Structures are given as C-alpha cells and as structure tokens.
Amino acid sequence: MAERQSPLEPEFHVGSHGNFEHGVEILLTETRPGSIVQLAAWPGEEKTLMAAIRAVTGLALPDGAGGGSSDGVKSVFGFAPGKFTVTDEAEGLASAFAKVVAPAMGTVTDLSHGRTAIRIAGPKAEWVLSKFFAIDFALPAFPVGAGRSTTHHDVFAQIQRTGTDQFDIYVFRSFARSFWKALCHASEEVGYEVQ
Amino acid sequence: MSPRRTDTGGHVDRLKTIRFTFDGVAYTGHGGDTLASALLANGVTLFGRSFKYHRPRGLLSAGVEEPNALVTVLKGEVREPNIPATMVEIHDGLIAVSQNRFPSLTWDIHAVNQLGGKLLSAGFYYKTFMGPVVGPLKGTRFWMFCEHFIRRAAGLGSAGSAKDPARYERMNAFCDVLVVGSGPAGLMAAKTAADQGARVILADLEPRFGGSANWSGETIDDASAADWVRRTVAQLEARDNVRLLPRTTVWGYYDNNTLAALERVSDHKAQPAKGEPRHRYWAIRAGSVVLATGAFERPLVFPGNDRPGVMLAHAAERYANEFGVLPGQRVVVFTNNDSAYRSALALKQAGAAIVAIVDVRPQPSAEMSALAGEAEAELLSGHAVVATEGGKALSGLKVQRFDMVAGALSGDARSVHADCLLMSGGWSPTIHLASQAGAKAEWNEALQAFLPPKRTQKWVGAGAFNGHFMTLEAILDGRNAGLTAVGATVAPMAYPHIESLPCDPRPAPVFEIKAKGKSFVDFQHDVTAEDVRLAHREGFVSVEHLKRYTTLGMATDQGKSSNVPGLAIMAEALGKPIPEVGTTRFRPPFAPVSIGSLAAERFGDLKPERLTPMHDWHVDNGATMYSAGLWYRPMIYGLSGETVEQAYVREAKATRENAGIVDVSTLGKIAVQGPDAAAFLDRVYTNMFSTLAVGKARYGLMLREDGFAFDDGTTWRLGDQDFLMTTTTANAGKVMQHLEYFLDVIWPELKAHVTSVTDEWAGAAIGGPKARQILAACVTGTDVDNATLPFMGIVHGEISGVPVMICRLSFSGEMAFEVYSGAGHGTHVWEALVEAGRPFGLVTYGLEALGTMRIEKGHVTGAEIDGRTTARDLHLDWMLSKKKPFIGSAMMDREGLVASERLELVGLIALDNRPLNGGAHIVEEVDEANPHGSIGHITACCYSPALGKHIALALVKGGKARHGTRAHVSDPLRNRFGPVEIVSNHFYDPEGTRMHG
Amino acid sequence: MLITCPYCGPRDVIEFTYQGDGNRERPDPASQNFEAWNAYVYDRLNPAGDHNEIWQHSGGCRVHLRVVRNTLTHEISNVAFVRGDHSSAARRKAEDKP
Ligand SMILES: [Zn+2]
C-alpha cells in the first residue's frame, strides 16, 4: 500500500535549529504510529473495556482519570470518562479491537489518519509545552504514562507523558502543520533538533 | 569618572563602560546602571516636561514608581514610550529620548502654560469640552480646533506606527507558593517555603534580587545585608524547586489565585539571543502567594516640590549606595519622620555635604539629633520648606518656622543654598495586589498609612507590605509567611542579628505645607493641592469621583506616589478623618504592560491554519487559496492570464461538459456509533434515519430547539450501528457540540457515541457526465455501475492500491461521487483520480465553481441557513417527518414561523444582463434617490455558465407566489439598480435527470 | 476563572463552553404543551447569586458539567458531571492538585 503522507512534510526539517550553539535542549519528531484508535465504553463497562485493552495490547491501565501506560511500541491513556486513546507502531489495531469490543461494551473508532502524533523530548520539554498549554507539566502532577486533554487556542490536543522528559502530543491532522510550526518557533529559544 | 560618580561604593561595574544616547547626546555609564543612574552620574538633572504645564522635571524616585522621568526607547523603527528611566537598564547602543517637550527638552514653548495656570485646573477637560458652547463661537468647530493643540501639548509619549518585530511569549506556570518581591521579607519567605519542599516562584521587578538590602547599609548576622542577599539567592538558585524571575513585575491578581506577571527578558540586552523573546507574559496559578512588595516613600506637598533636584530621600540613598552616584553636593533633607536621617547619613558617607535636616516635628528624638550631628547637618526642627529656587536644576530653597499642629508658618523665610533637596513624607505599603484581589484597605493611624485589606484570597503578607518597616521584622515576617504559605505550623526562630540605625516608623501627620505657589500631589498628571481643594469646592466628595475629575493617580502612576497625600488633602477639605474618606480600589495592571506580551504567540502567521490532506498539491498546481474560517481551500485553479471569473466559468463549464473534481475534505464528519445511533439520528434530524439501509446515504436536515433551520448534510450508514454524518464546513464544530449536549444532558440513556472524524478522511467529489467512466477506469475491487452504485449508494473498493469508500451523491447537479480515503492517502488517491480523468477532460475546480454550480441547482448553504430561516422558508418542508418528534418539531409551527409574509428562497435572473451583488435589496419599485420598500435580499450570486445569465439566490417576501414576476435590485452602496425576474431557486435541471443519469 | 473538571482537574475558563441555564426542563419530546416548550427554550432564571449552569469542557474531556456559580462573585461552589453514571470516573484525590 502507498505510504501515508505526513502533514508536516514541507515544514519537517531534520537537523539542529534555533539557539543550539549552547546545546540542544529539545528533540522534536513525528512518531507516525501505524494505529491510533479511540475506545469508548458505555457507562458501567469501563472495567471490561480496560480488560479488553489489556488483552489486545498487553498494557495494564491504572485506575483513575487520565491514567495510562506505554511500552514504547504500544500506548494507552484515558482522556475522558470511559474513553481511551490506544496507539500501536503497527497498523491494524482498530480491526483487532473490533473483534473483542462487543456492541454491549462500547465503540471503536479508527483515527489512524485523523490524528498526528508529535513527540517532544528533552530537558526543556516542560518549559516549551508550558508556552502553549495551561496545564501543570511537573512530574508529580503529570506522571509518566498519564494522559491529558487540553487546548491551545483552537488546537485541541491529547498529551501523554511517555517519559520523564518526553511527551507525545496527538493533534488533529489538519492542524498538525500549524502546531508543528508553532512548536518549532517556541523551541528556538532553547535550541532544538528535528529527528 | 563622571562628575557625580563616587570613586567607590555601589554595585556598578566601573570597569565596564557602556555607551548610549539620550536626546541625541552620547553618554557613558557602567554595568549595573539604569538610565536614571547613568544620566544622573553625568550631571543630567532635566529628564522631562510635565503633563499639563510643561514644567521641567527631574528624577523623583529610583524605582518603578517614577512619575516624572518617563522616556521613549527607540529600537530600530519601533518606539516604546512612557518607560520610567529608573527601570531602563542601559546597554551599548541604547537610544532614549525625553517626552512631552516641543521642540526640545530645554526650550519648550508650552511651558507658558504655567503662566495661565487657572486655565488648566481641575476638571478642565470636562468644563471645556462637555459644557455648552455659548457666545460668538456657538455652533463653530472652535473646540475641536483647540482640542487638537491641547492634546498635543498635554500628554505622555507617543507610540510609533512601525510593525514591532520583537518576539513575545506567554508562559503558564504552576507553583505552591509565589513570592512577590525579593527584599529581606520575600527572600526569607521563598527560602523557608523552598526548605519545606514547596514549588516556589520568586519574582521581583528589579534586575537584582534583594530590594532595600542592596543599599540599606545594614548588616544581617554580621555580614552586609547585600552579602546576605547574595548568599540567600545563591542557595535558592541551587534548588530545583525554585524558579527565580528577576525583571518580572507581577501586575495582576485575579480569581482563583491566578496572577499575571510581565518578565522583561531581553530589554536590557543590545540584541536578544536567538529565539529569545523581548517580554514574557507569565500566567501563574499559585497555591498561595506571599506579598512582600515593600512600601513606597511618599513625597511632601509644598510649593516647588517638583523642581529638578527635589527627590525622595531613599531614592537618593539608593543612587548613592547602589549605583555610586551622588544626586547633589549640597543636600538638604526635609522630613516628617525618622527614616530620612539614615538617607542623610548615607549621602554624607558617600561624600556629599548635608547642609540641613528640616524636620516638621518640633522635637525629633535624641537618637535623631545624634544622627544629624553625625551627618554634620544643621537640624532645623519645627521647620518646613516653603519654596524652591532654580530653573532646570535646584539652586536653593526657603525654610520657615512651622507649627505642625496648627499647620501654620511663622517668622521670616530663610534662604538655604542647595543643589539637592531630599524629602520624606512617610511610607505607604505597596498593597496594590492585595487590593486587586478584593476588599478595602485599612487606615492605620500610627503609621499614617493604608495597610493591606482583609484576605479574600490565599495570600500572606510580609515585611513593609504589612507596615513592618524594620529589617528584623521583615525577616521574621518572611519566615512566618513562608511557613504559613505551605501550611506548616509557625514555630519561633532564633532572631538574626541585625545592625541598623534607630528609626521610629511613625511619621508626623503632616502631608502638606500650605504656602504660596504650586504644590504638586500627582507629579505625572500635574495635579496640585489646590486642584484637589477646587474639586471639593465644586462638590466632588467621593474619592472615586475626585480621582476621575482631577485625574489624580491615573496613568502609569496609579496612585503609587500620589494616593495618600491626595486623600489627606481631600480629607482635610472635607473635615473628615482619612479612613472616612477611604481610598480608591487599585486595579490591574500594577505597572504598564506591553500589548505584545498579551497577544504573545497569537499574531501573524502563528494563527492556526487548517489544511486539507491535498493542500500542497493544490498550491503546486496553481490553485489560488482562500481562507474559510481556519481552513484554506482552493478558490480557482487559474491558468495564466485568466481572471477569477474566467477561471471559474471555465471550471464549471468543463465539469458540466465532461467532469470536474473538487476537494471536499473540509466537510464536517462525525462518527455516530452504538446500538442507539439510529434512534438518536431520528431525534436529531427532521427526517428518518432508522429506515436507512446499510450501504446507503441520505440527505438530512437539523433544526434548532427553537424550530429554525440549523444545518444540513448527508449521513451514510456504514453498518447497523455505525453512521458517518457529514455537516457543512462552517458548522462542523457547532453540530458536534449540539450532538454531545443532547447525549450528555438530555438523553443520557441513549447508547450512542459521537466522534469527530473530519480529519480522518480525505474527500474528493468528482462529478460530470464522464465521472462514472473515470471511476471505472481507476477503481478496483468493486463495480461502479448503476446497479452496484445507485444514487445515494455506497461501495468500498481501492484506487491505486489504497482503500476508498465511494458514495454517489451530488451537490453540483451532475452525476457525481464522493470518494473518501484515509487522510494520509488523500493526495495519492487525488492524483490517481486526476490521472485517470486526463483522457476524459477532467478539470480540478475550486470554491468559486462549486458555489456557481450550487447556485444553479438552488442548494442552500450557510448564506441561506442564516439562523433566521425555517425549513419551509427554504422549501425543505418535505423533509419534516410527521411520524416522529425531533429537535425543533414542537416549536417550528409557531405562528410567526408559518406566516405568509416570511422571506422565502427564490431565484433571480438579472434582466439587464449585468452582475448582481450579494446583500443587495430587492424592491418592487426602484427609487434611486430615496431607496425604500425592501422585500428581501440576495444571499448568493454568480454568472451562470449553464444559463448564460447573471443569476442569484435571494430571500424574498412571499417567495414562491412571486415566481414569474418582475422586481428590482436596489443596491445604493454600490450604485447598482436594475430589473430582475423572480424564478424558482432550481435554475438548472430541476428534474435532476443529469445526476440520476 | 477556573472550573475544576471532575475528570481533568482545575482548568482555565477558556477551555469551557457555557451551555446554558441548568434549571431548564425539557418537555417530553412528544409533548404539545406549547407553554412548556416556550418556557424551556426562552425562560431563564438570571439570579443574582448562586446559579445552576451547564458547562461543557469543550477544550478538554468534552464532558458536560453542572456548575453552581455565584453570578456576583464568580465563586464556584460545586461542579459535577451532568451524567450521574460518570461519577466513578472522577479524578483521584492524589492527582487533584492545582
Ligand atoms: Zn474535563
């Protein structure tokens, strides 16, 4: 099958940029997962859905709002009551879930094309993200694995912390290039590298 | 070394020379200097002209409260006006100019204003411009003529009009404790809270932390206070739970302990570093706030108190001790309190001669007498300064015996030769932020000051802010505040050992010396003591009215220096004590805020843009892009030399003759899933969807709750419990919220989920007589013939190896198909379709041709579904099911919504064969001179290549009943009048034979 | 102004969309009682003081909330999911930091 086109392409410039002479403090990349799937449970079916997620991905979801986990290949996090975003490097996650999520449990929505995953990593990741989003990025308030839904002006974003200094941001594909440009612009101050 | 720079002392780096200009004259200063300290060191005394009278003004203060020495800083083409010279850190190449002078600072023609002082007294503007104009000038434009000159003469600096290329940013911050102010109290609070493990932000508006400790000359635990500061700051810097924000003014205290601050990141540099912003706007959410904002020294009000060379006592002390600059050689101190004695001694130690200390109190304490002796100053107790002399610099002053109880002067005035007069009228705690947070300030009789109001939000005060002016109190306060802020219990601490001069913080209640001459209360707005009394005589008795009538405490001053003296004079005039007069409520911002910082990243090309998957292809292939909301869509794909009209006519024609393809990815797309999805859609749409077969699509109409039309679009049934709804581009977000609201709030029992999948799918609509042949040539895995793919049918197949979903539906009126693929494959599929279409004469078309073909077909869009039209008005009543209730069904039959005189959708044909205009009115009879009698208006118009005529859609009273009749367009704004024929909105192929094939 | 979403925690008001008076009662869909419909569509309480309101966390989890807000002070005394069946999904206390 034809390769999926990245919405960032003309603005995706591999290399070091901005004030990097003193060292690069931000790494930016597009993770391009093969699958991005949204799962939503009917009220009372959250636990069964979480079990289904575990069965398909092997990832155990911690209880509580915004809980999540990641094994570097697959990731999952809650972003709203009874709703989860699940991603996988491989394609085909939506059909895998379609087999196990019965109509009585909830729904599966394939968003593999519709969301763009941007990873920001490095010691200044919290600093740069704080320029955009009015949420607390400090580790105790936003633990590794957890997810958050928030907005920067018109750009809706789901953010998962996938490392102490690493965040994966899922934005609507049509906004991705604009957001990417803004992210690069905001990272100039600390020096960044696009990988 | 410059004439007034001391050889030693202060925190300036004498080895580093910095070159800058002021009013075109080149000067040098040192590292650590402000523009004020550097100019003062160069012997400059004249910094600006006053607001109304254009009186010469020098430095009053050394900090943010400076009302006189406002300058404009030039950076390239950009001019930033009204910056206190005391807040400008000099750097190589700095260019600053003075303000409010014409033609020059030293020779100002408007200074004659002071000769006719009465003319510009309190309420001048109100009386002149709002009163009735009588006499010979009645009915003339005389006042407007005057206003031009008065506005030029009275004012602050002027802003430039060049585009500001600087970068501004916003930063969102969260902390347990925000400490505002970094004097001994703030530093101690920050350190204590940080030691408890709290996340701390420490902000100070100065470049250097430490506040008064940097220049007080005191010692803390046997080290100089300045060293104690350095050590404490180093400890804070080493902690990873502390963020230090120098040059950061916390200017607003809002609900929920949200504070706004402005960090001047790179103003002090010749060039910002790469990517570094000029200003950063901090939005800080703090668990609690420690207000350690200190206090402002107050001026005394006496004739000539505004002459250059008259300065606040502690400002002079700071210039000497922090910057190594002597504001004068022969100094007189004028005070109503003890604190100025320390200033006198500091200046003496720095090398000045203290000629006299004039104290309004009859008998200062023995300790003060001793200090005066140490300063070798003559102590004139029970005296007051009654006049100052000199022009652009002070040359002398007059002193007279003063009885502070009676407020009376007696005896002969004595002249004293001096080039610098230091004054101290007591201290006002800087309670602005606490006042913004709510509640009224409380008057303290002993301190003759307003103390912080009761807490209405989570803050703790410390130090001079609390009226605790001694360093020992500040440190104890700071520690307690730090503990309280983190919720720890306050335990006693070992007292630090402080060496400081004796000082009783209670001033004498003397604010004004009444003598002949102008005594200024508000230096920035030229408000005199007499203006305040005049306002009282004219009946302004409330402080809020006083402020607005006299402009006392307005502009950048915001009452920092003028508030209490003004109130005291008002209280005296009213014969009431100060607390009964009250004080004005402080409002944000505490100090001026750059507009750029508020806009931050939201300017220019950083407004988010929404791009379809095929965006780059469109641009590469000659499309002129058009912004529709946040989306960018092709308007036309123009050939060289084509006008817009030629291009869309060509595109529409070719589509109707052969085939055309258009990007429809922007249509809103919502997945509606779940066992109750069909039942939900039946309630949302006016027509039935539960009866729709899997693999089929249906056109649907939604109403609002009030019965008016809301949105339309097709919805595809992809599975038994799986629908794909499409909405108009403009309403996608609103429809999504509408659906979510009903599922969450009204019908929580329905098992249906809605998800925005607009961005999941790329959409291409391909239409025209040859559209099916083109599809047949490139689609694999399914047939596209009439049997397999009937009107409103859906098939799944592949194009060039990627999966697609094809629905046969038509907006253009031609045989047409919408081809959906995963967004990441959008360009791939689009290119394959364009390639397959080449032998068939396929054209790409944009919004203009799309709009033209929809007008020819009479389809409605947002221009007609404008929130005021009903389904009946748009001839969509055939879609209103009678078998079920739906949103809006109960309200849609209201009297006014079914009236016969409503505006209804019609078509118009221009009978004079000239273009029509959107928004033009329709009338029965043309009256060009006096346009009237509108029966409706045009919503959309175009030249129709299919009809060869200029046509339009319109909403016209009575609508259908007028088909076949004549009317006129009346468009006086564009001077377009002419006859039209009213016809059905279905201009082209009304039977739909073309799309059914 | 901050609204503490039971799922997402305290967020700035710009992440939320006001969705109207929370006291409205929608008549039965089949009801022909025009007075009741009219009251539902047009009548609003507009109190000076505590007001029951519906807000959607449109810039976050997109859930609808019942918010009791004082129209004089903006003070918010209560926030809850409109849907009772979401309550199990509320935020854990440990994460409930500002
Ligand atoms: Zn939320």
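Conventions used here
- Residues numbered from 1 in each chain as written.
- Chains lettered and ligands numbered in written order.
- Predicted model: local features only at pLDDT ≥ 70, side-chain atom pairs only at ≥ 80, totals over all residues.
- Heavy atoms only, no water.
- Helix = DSSP H or I, 4+ residues; strand = E, 2+ residues; numbered from the N terminus.
- Buried < 20%, exposed > 50% of the residue type's maximum accessible area, 1.4 Å probe, protein only.
- Contact = heavy atoms within 4.5 Å.
- Buried area = accessible area lost by both parts, 1.4 Å probe.
- Salt bridge = Lys/Arg side-chain N within 4 Å of Asp/Glu carboxyl O.
- Polar contact = N/O pair within 3.5 Å; in protein donor to acceptor, adjacent residues only side chain to side chain.
- Nonpolar A, V, L, I, M, F, W, Y, C, P; charged D, E, K, R; others polar.
- Pairing = 2+ DSSP bridges.
- Expected span 1.5 Å × (residues − 1).
- Domains from an automatic or database assignment.

Engineer: Looking at this model, I keep getting lost on the overall build of chain C. Mind explaining?
Structural biologist: Looking only at helices and strands, chain C has one helix and six strands in total. Along the chain direction, N to C, the helices and strands of chain C fall in the order β-β-β-α-β-β-β. Split into buried and exposed, the 98 residues of chain C put 47% on the buried side.

Engineer: I'm lost on the interface of chain B and chain C in this one. Help?
Structural biologist: When the parts come together, some accessible area is lost, and that loss is often what is quoted as the size of the interface. Taken together, the contacts link 23 residues of chain B with 29 residues of chain C. Of the roughly 2200 Å² buried between chain B and chain C, counting both surfaces, carbon and sulfur atoms make up 53%. Linking chain B to chain C there are three salt bridges. A salt bridge links Arg26(C) to Glu705(B), with the shortest nitrogen-to-oxygen separation between them at 2.7 Å. Where chain B packs against chain C, one counts 13 residue pairs in polar contact (both at pLDDT 80 or more). With nine residues, the single largest contributor to the side of chain B that touches chain C is helix α19 (residues 732–746) of chain B. Looking at the side of chain B that touches chain C residue by residue, the classes come out as 13 nonpolar, three polar and seven charged.

Engineer: Hey, could you run me through the pairing of strand β5 (residues 64–70) of chain C in this one?
Structural biologist: Side-chain direction in a regular strand flips from residue to residue, so the side chains alternate between the two faces of the sheet. All names here are of chain C. Extensive coverage of β5 is indicated by the burial of six of its seven residues. The pairing of β5 with strand β6 (residues 76–81) spans five bridges and is classified as antiparallel. If you follow Arg66 over to β6, its bridge partner there is Ala80. Counting the residues between successive antiparallel strands, the hairpin from β5 to β6 contains five residues, one of them, His74, with a positive phi of roughly 70°.

Engineer: How do you make sense of helix α17 (residues 644–657) of chain B when you look at a structure like this?
Structural biologist: Helical geometry note: an α-helix holds 3.6 residues per turn, so side chains three or four residues apart project in the same direction. Taking 1.5 Å of rise per residue, 14 residues should cover 20 Å, and α17(B) covers 20 Å from first to last C-alpha, within 8% of that figure. Here α17(B) has its buried residues at Ala647(B), Tyr648(B), Val649(B), Glu651(B), Ala652(B), Ala654(B), Thr655(B) and Arg656(B).

Engineer: What am I meant to see in the domain arrangement of chain B here?
Structural biologist: Residues and elements named next belong to chain B. Taken domain by domain, chain B holds domain 1 (13–110), domain 2 (168–298 + 426–504 + 577–607), domain 3 (325–424), domain 4 (615–666 + 760–853) and domain 5 (668–756). Each of domain 1 and domain 3 has a C-alpha centre, and the two are 27 Å apart. With nine residues of domain 1 in contact, the opposing surface of domain 3 contributes six residues. Note on domain 1 versus domain 3: buried area summed over both sides is about 550 Å², and carbon and sulfur give 73% of it. Our count for the contact surface shared by domain 1 and domain 3 stands at zero salt bridges. Across the domain 1-domain 3 interface, the total number found is one residue pair in polar contact (both at pLDDT 80 or more). Considering every element that reaches the side of domain 1 that touches domain 3, the biggest residue donor is helix α1 (residues 35–41), with three residues.

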